[in-house]
Amino acid sequence: MSAFVVRPVTAAETRPLRQRILRPQQRVEELVYPHDDDVDTLHVAAFVDGALVGTATIHPDPMPDGRAPDAWRIRGMATTPEMRRKGCGVALVKACLDHASTRGGRVVWCNARTSASAFYASLGFVTQGDEFELPGIGPHYVMMKRVAG
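One numbering rule holds for all chains: residues counted from 1, following each sequence as written. Restriction of local features to residues with pLDDT of at least 70 applies here, the model being predicted, together with a cutoff of 80 or more for giving and counting side-chain atom pairs; totals for whole chains, interfaces and linings are based on all residues. Remark: hydrogens and water are excluded; side-chain values derive from all non-hydrogen atoms of the structure.

Quick notes on the pattern of salt bridges
Throughout this description, the term salt bridge denotes a Lys or Arg side-chain nitrogen within 4 Å of a carboxyl oxygen of Asp or Glu. Counted by the stated rule, this structure contains 7 salt bridges. For arginine 18, the salt bridge is made with aspartate 36, and the minimal N-O distance between the two is 3.0 Å. Pair noted here: arginine 18 is in helix 1 (residues 11-22) and aspartate 36 is in the loop between helix 1 and strand 2 (42-48), with a separation of 18 residues, a long-range link. Here arginine 18 matches aspartate 36 in class, with each residue buried. Here lysine 94 and aspartate 98 are joined by a salt bridge, their closest N and O atoms 2.9 Å apart. With a gap of 4 residues between them, lysine 94 and aspartate 98 both fall in helix 2 (residues 88-102), about one helical turn apart. Residues participating in the shared-partner salt-bridge network are Arg15, Arg18 and Asp36. Labels follow the DSSP assignment, with helices taken as runs of H or I lasting at least four residues and strands as runs of E lasting at least two, numbered in each case from the N terminus. Think of it in three bands: residues with accessible area under 20% of the maximum for their type are buried, residues over 50% are exposed, and the middle band is partly exposed, with areas taken using a 1.4 Å probe on protein chains only.

Quick word on helix 1
Since the α-helix turns once every 3.6 residues, residues separated by three or four places project in the same direction. Of the positions making up helix 1, those classed as buried are Ala11, Thr14, Arg15, Leu17, Arg18, Gln19 and Leu22. The contact criterion used throughout is that any non-hydrogen atoms of two residues lie within 4.5 Å. Next to the buried residues of helix 1 lie strand 2, strand 3 (51-60), strand 4 (72-79) and strand 5 (107-113).

Focus: the pairing of strand 3
Burial analysis of strand 3 places 7 of its 10 residues in the buried class, the great majority of the element. One ladder, built from 7 bridges, connects strand 2 with strand 3; its direction is antiparallel. Opposite valine 48, over in strand 3, you have alanine 51 as the bridge partner. By definition, two strands form a pair when at least two bridges between them are found by DSSP. Pairing geometry for strand 3 and strand 4, over 6 bridges, is antiparallel. Counterpart to proline 60 in the pairing with strand 4 is tryptophan 72.

So, the packing of aromatic side chains
Here is the rule: rings of Phe, Tyr and Trp (six-membered ring for Trp) pair when centre to centre is within 6.5 Å. Planes less than 30 degrees apart are stacked, more than 60 are edge-to-face, and the remainder are tilted. Evaluated as defined, the whole model comprises 2 aromatic pairs. When the ring of phenylalanine 119 is compared with that of tyrosine 120, the centres are 5.2 Å apart and the planes differ by 70°; the resulting orientation is edge-to-face. What makes phenylalanine 119 partly exposed here is its relative accessible area of 27%. You can call tyrosine 120 buried: its relative accessible area is 5%. Both rings, one in tyrosine 120 and one in phenylalanine 125, keep their centres 5.4 Å apart while their planes meet at 75°; by these two values the pair is edge-to-face. Each member of the aromatic cluster is reached from another via a ring pair, and the members are Phe119, Tyr120 and Phe125. Here the basic side chain of arginine 75 rests over the ring of tyrosine 33, its NZ or CZ set 4.3 Å away from the ring centre. Here, a charge over a ring means that NZ of Lys or CZ of Arg falls within 6 Å of the ring centre while also lying within 35 degrees of the ring normal.

Topic: the sheet that holds strand 3
Strand order across the open sheet formed by 7 strands is 1-2-3-4-5-7-6, with mixed pairing between neighbours. Strands at the two margins of the open sheet, each flanked by one partner only, are strand 1 (5-8) and strand 6 (126-134). Neighbour to neighbour, the strand axes of the sheet diverge by 25° on average, direction disregarded. Along the sheet, helix 1 makes contact with strand 1, strand 2, strand 3, strand 4 and strand 5, crossing strand 3 at roughly 110°. Across the sheet, helix 2 lies against strand 1, strand 2, strand 3, strand 4, strand 5 and strand 7 (138-146), angled at about 160° from strand 4, the strand it touches most. Axis angles are defined between N-to-C directions and span 0 to 180 degrees, where every axis is a line fitted to C-alpha atoms and, for a helix, only to the segment in contact.

Below, the structure is given as structure tokens:
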């Protein structure tokens, strides 16, 4: 398998992988997230030999508890099973963190699936509050990380 390449993409390019990995019970057309088309939003994807193998999105979004009104949110983070533990997810999150940081972001947060919380923790994200259930999706934690801007 060739090395992966990470580059910016459109929101529409992320949706098939969002659907396949994150929300198989939904149609691709249902996976339009709020802020997908905002000017500050970044969608990044990883490709191997032209095939989409990972994606992540970041955009300005206050933390749910209101204590970081100028925070940025990562969402739609997905990698294909064969690309896990190969640096692909790390590269996608790093691209998101860099994007927020260069735009003055100081806090980045996400709703991390419980099964992915160790991955985010390994990148310096810290759990905020108790586990909660996203209906139809599963257990999650709010996780956040301070970034240099």
